[in-house]
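Per-entry structural report
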Amino acid sequence: MHVPSAWKRYLPRSRRQWFLIGLLGVLVVVIIALFLPPDSGTSQRAGGVPAFPPPASQMAAGPGPEAVEPADVAVSPAEPQTLDFKAYAEDTARALYTWDARAESYTQVYAHVRGWWVVLPDGSNPLTVYTQEFEGTGINAAAFAQLSTYGAYRTATVIQTGCDGQLAQFGDHPAPWVGLHVCTMTVSVTDRSTAEPHATAYRVPVSVIVNCPPAATAPAQRCALAGFYTSASRIVY
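Once that is clear, we can look at the nonpolar core. Side chains of a nonpolar character, in soluble globular proteins, are inclined to be buried together. Within the largest apolar cluster, 34 residues are counted, with the highest numbers of intra-cluster contacts made by Met185, Val187 and Phe228. If you list the elements that add at least two residues to this core, you get helix 4 (85-96), helix 5 (106-114), helix 6 (127-135), strand 2 (152-163), strand 3 (180-193), strand 4 (196-211) and strand 5 (224-229). With five residues, the top contributor of residues to this core is helix 4. Beyond its immediate sequence surroundings of up to four residues, Phe228 is in contact with Leu96, Val113, Trp117, Tyr130, Glu133, Phe134, Ser207 and Val208. If you look at the next biggest cluster of nonpolar residues, it comprises 13 residues, including Leu167, Val182, Ala215 and Ala218.

This part takes up unusual backbone geometry. In this model, Pro213 is joined to Pro214 through a cis peptide bond whose omega is 15°. As for its placement among the helices and strands, Pro214 is situated in the loop between strand 4 and strand 5. Look at Asp164: it is not a glycine, yet its phi comes out positive at around 50°. Along the chain, the position of Asp164 falls in the loop between strand 2 and helix 8 (168-172). Residue classification places Asp164 among the buried residues on the basis of a relative accessible area of 14%.

The rules we used
Residues numbered from 1 in each chain as written. Predicted model: local features only at pLDDT ≥ 70, side-chain atom pairs only at ≥ 80, totals over all residues. Heavy atoms only, no water. Core = buried A, V, L, I, M, F, W, Y, C linked by side-chain atoms within 4.5 Å. Buried < 20%, exposed > 50% of the residue type's maximum accessible area, 1.4 Å probe, protein only. Helix = DSSP H or I, 4+ residues; strand = E, 2+ residues; numbered from the N terminus. Contact = heavy atoms within 4.5 Å.

In C-alpha cells form, the structure reads like this:
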C-alpha cells in the first residue's frame, strides 16, 4: 500500500502514542489489583460457602451436633464451675443422692440437679430422660411426702470413679465428639431419719455424661451436665 510522504513522519509518533496508551492501561490494571482485598473473588466457593476453614473447636468436635455456637448457659445454684469433667461427674453423683426431707420439698430436690442439665441442640437428651433417671434414685413425689413424715435425709460419698477409656463399653461406643465424657461411679449412700435410730447404708452405681470444651455444644469456659443414668440397664461399665 502506498503511503503519502506527508503522512510518514506521523507514523512513528502514532506508534509511540499507542504504546504509551497500552502501557498506561497495564499500569492501571496492576494498581487496581494491588488495592483489592487479598481474598476478593476467592473467599466464596460455589454456592456461597466460605473457603476458609471452620473454627478449630468445630473441626475438633467430629461427628455430632457441633455446627452451633458455644452455649452461653447460666450457672445454676450449687452447680460446679469447672473444666474437670471427672470432678463435675462426681459432684453430680453426690448431688443426686443427697437431700434432706426435713428442710426441702420434693420440688426443690427435683429441681436441684435439673438446673444443671443442658439439652443438646439435637434433642438427644430431653428432660423426660432426666425425670425417669432421677426417679431411679429411689424417690418420687409420693415417696418423698412419706419420707418427710419420718424426717428422712440422705447423704452420699463417691468411693470409686472410672471415666472414658477406663470403661469397657466406651471402647465399643466412644463419645460422638471431642469434649463429651462419661464417668461411672460407685456411690456409698446412707439413709437416715429422725424416727429411726439405725441408718441404712448401701452402694449404687451411677453414670454421668459431661459436655466440656472444645465441644461447640458446651459452654465456652466450663463443663455442663448432658445426662446421667441410674437405671441398672443403662449404667455404662
